[in-house]
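As a plain string of letters, each chain reads:
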Amino acid sequence: MNIIYTDALVIGGGLAGLRVAIAANQRGLDSIVLSLIPTKRSHSAAAQGGMQASLGSASKGEGDNEDIHFGDTVRGSDWGADQQVVRMFTHVAPKAIRELANWGVPWNRVHKGDREAVINAKKVTISESEEAHGLITSRAFGGTNKWRCCYTSDGTGHAMLYAMDNKAIELGIRVHDRKEAIALIHQGDRCYGAVVRDLITGELSAYVAKATTIATGGYGRLYAASTNAVISEGIGTAIALATGKAPLGNMEAVQFHPTAIVPSGILTTEGCRGDGGLLRDVDGYRFMPDYEPDKAELASRDVVSRRMTEHMRKGKGVPSRYGDHLWLDITLLGKAHIDKNLREVKDICQYFLGIDPVTEWIPVRPTQHYSMGGVRTRANGESPGLKGLFAVGEASCWDMHGFNRLGGNSVAETVVSGMIVGEYVADHCRDNEISIDTAIVSQFVEREQQKIEQLMTRSQGESVFALKREMQQIMMDRVGIFRNGPELEQAVEQLKALLLRSRELALSNPIRTANPELEQALRLPLMLKMALAAACGALARTESRGAHAREDYPHRDDANWLNRTLSYWRDERDLLPTLEYEAIDIAAMELPPGYRGYGEDSAIQHPDTALRLQQIEAIKKQLSDQDRFSLQQALMPFELPAKYQAKNQRLGVDVQ
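From a predicted model like this one, the values you see are computed outputs, not experimental measurements.

### Section: the overall build of the protein chain
Phase 1 of the analysis: When helices and strands are counted, the protein chain shows 18 helices and 22 strands.
Phase 2 of the analysis: Here the C-alpha radius of gyration of the protein chain, 24 Å, is about what a compact globule of 656 residues would show, namely 26 Å.
Phase 3 of the analysis: Taking the principal axes of its C-alpha atoms as reference, the protein chain extends roughly 70 × 60 × 50 Å.
Phase 4 of the analysis: Per-residue burial over the protein chain gives 62% buried out of 656 residues.
Phase 5 of the analysis: Across the protein chain, contacts joining residues at least 24 apart in sequence account for 73% of those joining residues at least 6 apart.
Phase 6 of the analysis: Accessible area of the protein chain: about 24,100 Å², with a carbon and sulfur share of 48%.
Phase 7 of the analysis: Of the side chains in the protein chain, 75 bear a positive and 83 a negative charge, and the two mean positions are spaced by 2 Å.

Rendered as structure tokens:
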């Protein structure tokens, strides 16, 4: 048995995982990154539109700060977020942007003087100050009160990932690619690493570490149509669930992006609408202002996706052989703007649709895009169920997004959570030694080897590809944008039946080396358990909150459902998860639940909301002569690693 020892093991080679490994390395620790693919091909590269950070440099972002970013994020989450985590995030995001600039990310910059832009379908002139010339600029994104999405045209994730990976190379961080963690090694309440399969040779190894971090991205490929890369199957999240100790949080919270192209499902960035693009129906009519007069196309993603679906249900979709769709019109932005700021969108349209978005509308419809759920962690990124197990980025439920993520907050979270949690990972490695019998490690490796042997020797059974397609279609049809009790009940029963059938998988090509069928056969039972966690969580949650929209329970219900869903898989042979709930404490909130700003204010109030609002007003009155930092700390203190506690610098603002 091959055992590899390290201080910090990071499972996942995207932005979040690389940043954790860098943090550990900078503290003098050994770190190893495991990746299914070469790290520069991570799904992080797909992020197009930008990264949210309250720099306030551009004129349309003037006056922005952590308080405003905090409020936007909490409202965007539909009050499902951990507000202390949101505070941690919004405070560190400007530092992350500047660090990335120092590492080589070529952020778009402010150019002094007048420029033309499109806002709410009208051409306007924006004037940028001479003092701001050369600073990092920003664009509009949905659900925000300021323009704060920093970007590199529409290739932001690509630029960030290459800079991050180059930094890891500079530091000599070891990346073991084409490796997959298929199980976590744990004993009692402690995680010790992972069993890892080499995707080329098929060999199993054990990686033993002081701290293990899950950074494998989302679980979008539970769905038939997703903007996620084909590797985004959530296996890192799933192996945490499989321990029976580490809970997953809010697995029912799944976001659909409004503008994926039809039929491929490839994303067109929210930057299209942020820069002034419009949504049109079969008649060419711009319909979003009818539903959301204030925000229109720049309402929050969950809102826009639902409004688009509602509009198509009214018969206003554009018929096609791939189903109904709507149009995204960016022609009004002009060729020069598209060629400079949306060139990747133009390439996608030309390569996959054969159209030129400078002169033609883009066929789009909502498609599964982002997973708010994941490995539930504390604010320091550590699982409450397994000491030494951490999670970051989309694989985690940290929980800064609650039940809906604002655009630009995800690629920001990857780096910011990597910075913050990376420091706590380093602290854990400093304070804890590895102490585990190699016989225990051997047991985990042998257990996984036996699963492979069963697949190799079973001559007849179920097809992994057929079962996977069934699972994906069930999730798409019954656990999608709109949900209701009867369909969710059907989904649970059908997924449970698939899980039972997955125990009889047989391979048509039983080879041990590079074998995609074997990979899928090892993953599918884990994916089905995650699908069941999502479906069961959605069925149990009898309210609508953020991206979780129940047609039979259309109101947000703070009185009964102001909590997080925790999903456990206590026993490997179980057919359903165990659901528990973690209350979100209003008494500890800086911003108590209120009107989100869309549609009718029909939320069912929590009985403690009024009291907390009174307490906040009293604190504000008492500290009326204090600055916003003192007031914030009085309302809701939060902690950060010492290196990130300094106040943020902004143009023309004295923060001392």
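### Let's talk about the packing of helix H2 (residues 66-76) against helix H3 (residues 83-102)
Phase 1 of the analysis: Here H2 crosses H3 at 135°, and the two axes come no closer than 9 Å. The pairing of H2 with H3 is recorded here as oblique in orientation. Of the two elements, H2 crosses H3, and the hand of that crossing is right-handed. Here H2 contributes Glu 66, Asp 67, His 69, Phe 70, Thr 73 and Val 74 to the contact with H3, which in turn contributes Gln 83, Val 86, Arg 87, Phe 89, Thr 90 and His 91.

### Let's talk about the packing of helix H1 (residues 15-26) against helix H11 (residues 409-431)
Phase 1 of the analysis: Put simply, H1 and H11 touch, their axes get as near as 7 Å, and they point 30° apart. Comparing their axes, H11 and H1 come out roughly parallel. By crossing handedness, the relation of H1 to H11 is classed as right-handed. Packed against H1, whose contacting residues are Leu 15, Ala 16, Arg 19, Val 20, Ala 23 and Ala 24, the element H11 presents Val 411, Thr 414, Val 415, Gly 418, Met 419, Gly 422, Glu 423, Val 425 and Ala 426 at the interface.

### As for the pairing of strand E12 (residues 254-261)
Phase 1 of the analysis: For E12, the buried fraction is high: eight of the eight residues fall into the buried class.
Phase 2 of the analysis: As judged from the six bridges shared by E12 and strand E15 (residues 362-371), these two strands associate in the antiparallel manner. Residue Phe 256 lies in a different strand from E15, and its bridge partner there is Gln 368.

### Description of the side chain of Ser 544
Phase 1 of the analysis: As for its placement among the helices and strands, Ser 544 is situated in the loop between helix H15 (516-540) and strand E20 (549-550).
Phase 2 of the analysis: For Ser 544, a relative accessible area of 13% translates into the label buried.
Phase 3 of the analysis: A distance of 2.8 Å separates a polar atom in the side chain of Ser 544 from the backbone nitrogen of Arg 550.
Phase 4 of the analysis: Apart from the residues lying within four places of it in its own chain, the contact partners of Ser 544 are Ala 549, Arg 550, Tyr 553, Pro 554, His 555 and Arg 556.

### Re the packing of aromatic side chains
Phase 1 of the analysis: Scanning the entire structure with this criterion turns up four aromatic pairs.
Phase 2 of the analysis: Seen from their ring centres, Phe 287 and Tyr 291 are 6.3 Å apart, and the 85° between their planes marks the pair as edge-to-face. For the pair formed by Phe 287 and Tyr 291, the shared burial category is buried.
Phase 3 of the analysis: Taking the ring centre of Tyr 151 as reference, the NZ or CZ of Arg 139 above it sits at 4.0 Å.

### Observations concerning the sheet that holds strand E21 (residues 563-568)
Phase 1 of the analysis: Reading across from one edge, E18-E16-E11-E21-E22 is the order of the five strands in this open sheet, with mixed pairing throughout. Lying at the two open borders of the sheet, with one neighbouring strand each, are strand E18 (396-397) and strand E22 (578-583).
Phase 2 of the analysis: Alignment of strand E11 (residues 248-249) against E21, held across two bridges, turns out to be antiparallel. Bridging across to E21, Leu 248 finds its partner in Ser 567.
Phase 3 of the analysis: Sitting on the sheet, H15 touches E11, E21 and E22, and the angle it makes with E22 is about 60°.

### A short note on the nonpolar core
Phase 1 of the analysis: Within the largest apolar cluster, 80 residues are counted, with the highest numbers of intra-cluster contacts made by Leu 184, Met 471 and Leu 495.
Phase 2 of the analysis: Residues in contact with Met 471, not counting those within four places in the same chain, are Arg 221, Leu 222, Leu 495, Leu 498, Leu 524, Met 527, Leu 528 and Ala 531.
Phase 3 of the analysis: Val 33, Met 51, Val 74 and Val 85 belong to the second-largest nonpolar core, a separate cluster that totals 66 residues.

### Some points on empty space enclosed by the protein
Phase 1 of the analysis: Tallied over the entire structure, the rule returns two cavities of 30 Å³ or more.
Phase 2 of the analysis: The calculated volume of the largest cavity comes to roughly 60 Å³.
Phase 3 of the analysis: Lining of the largest cavity is provided by Val 254, Phe 256, Asp 302, Ser 305, Arg 306, Gly 480, Ile 481 and Ala 547.
Phase 4 of the analysis: Listed by contribution, the elements that provide at least two residues to the lining of the largest cavity are E12 and helix H8 (301-316).
Phase 5 of the analysis: The biggest single contributor to the lining of the largest cavity is H8, with three residues.
Phase 6 of the analysis: Residues that form the lining of the largest cavity fall into these classes: four nonpolar, two polar and two charged.

The rules behind these values
Residues numbered from 1 in each chain as written. Predicted model: local features only at pLDDT ≥ 70, side-chain atom pairs only at ≥ 80, totals over all residues. Heavy atoms only, no water. Helix = DSSP H or I, 4+ residues; strand = E, 2+ residues; numbered from the N terminus. Rg over C-alpha atoms; globule rule 2.2 N^0.38 Å. Buried < 20%, exposed > 50% of the residue type's maximum accessible area, 1.4 Å probe, protein only. Contact = heavy atoms within 4.5 Å. Areas by Shrake-Rupley, 256 points an atom, 1.4 Å probe, with all protein chains shown as cover. Lys, Arg positive; Asp, Glu negative; His and termini not counted. Charge placed at Lys NZ, Arg CZ, Asp CG, Glu CD. Axes fitted to C-alpha atoms, helices over the stretch in contact; angles between N-to-C directions. Parallel < 35°, antiparallel > 145°, perpendicular 65-115°, else oblique. Left-handed = near helix turned anticlockwise from the far one by under 90°. Pairing = 2+ DSSP bridges. Polar contact = N/O pair within 3.5 Å; in protein donor to acceptor, adjacent residues only side chain to side chain. Phe/Tyr/Trp six-rings, centres within 6.5 Å; stacked < 30°, edge-to-face > 60°. Lys NZ or Arg CZ within 6 Å of the ring centre and 35° of its normal. Core = buried A, V, L, I, M, F, W, Y, C linked by side-chain atoms within 4.5 Å. 1 Å grid on protein atoms, 1.4 Å probe; cavity = no way out; pocket = protein on both sides within 12 Å on 5 of 7 lines; lining within 4 Å. Points joined across faces, edges and corners; volume = space filled by probe spheres on them. Nonpolar A, V, L, I, M, F, W, Y, C, P; charged D, E, K, R; others polar.

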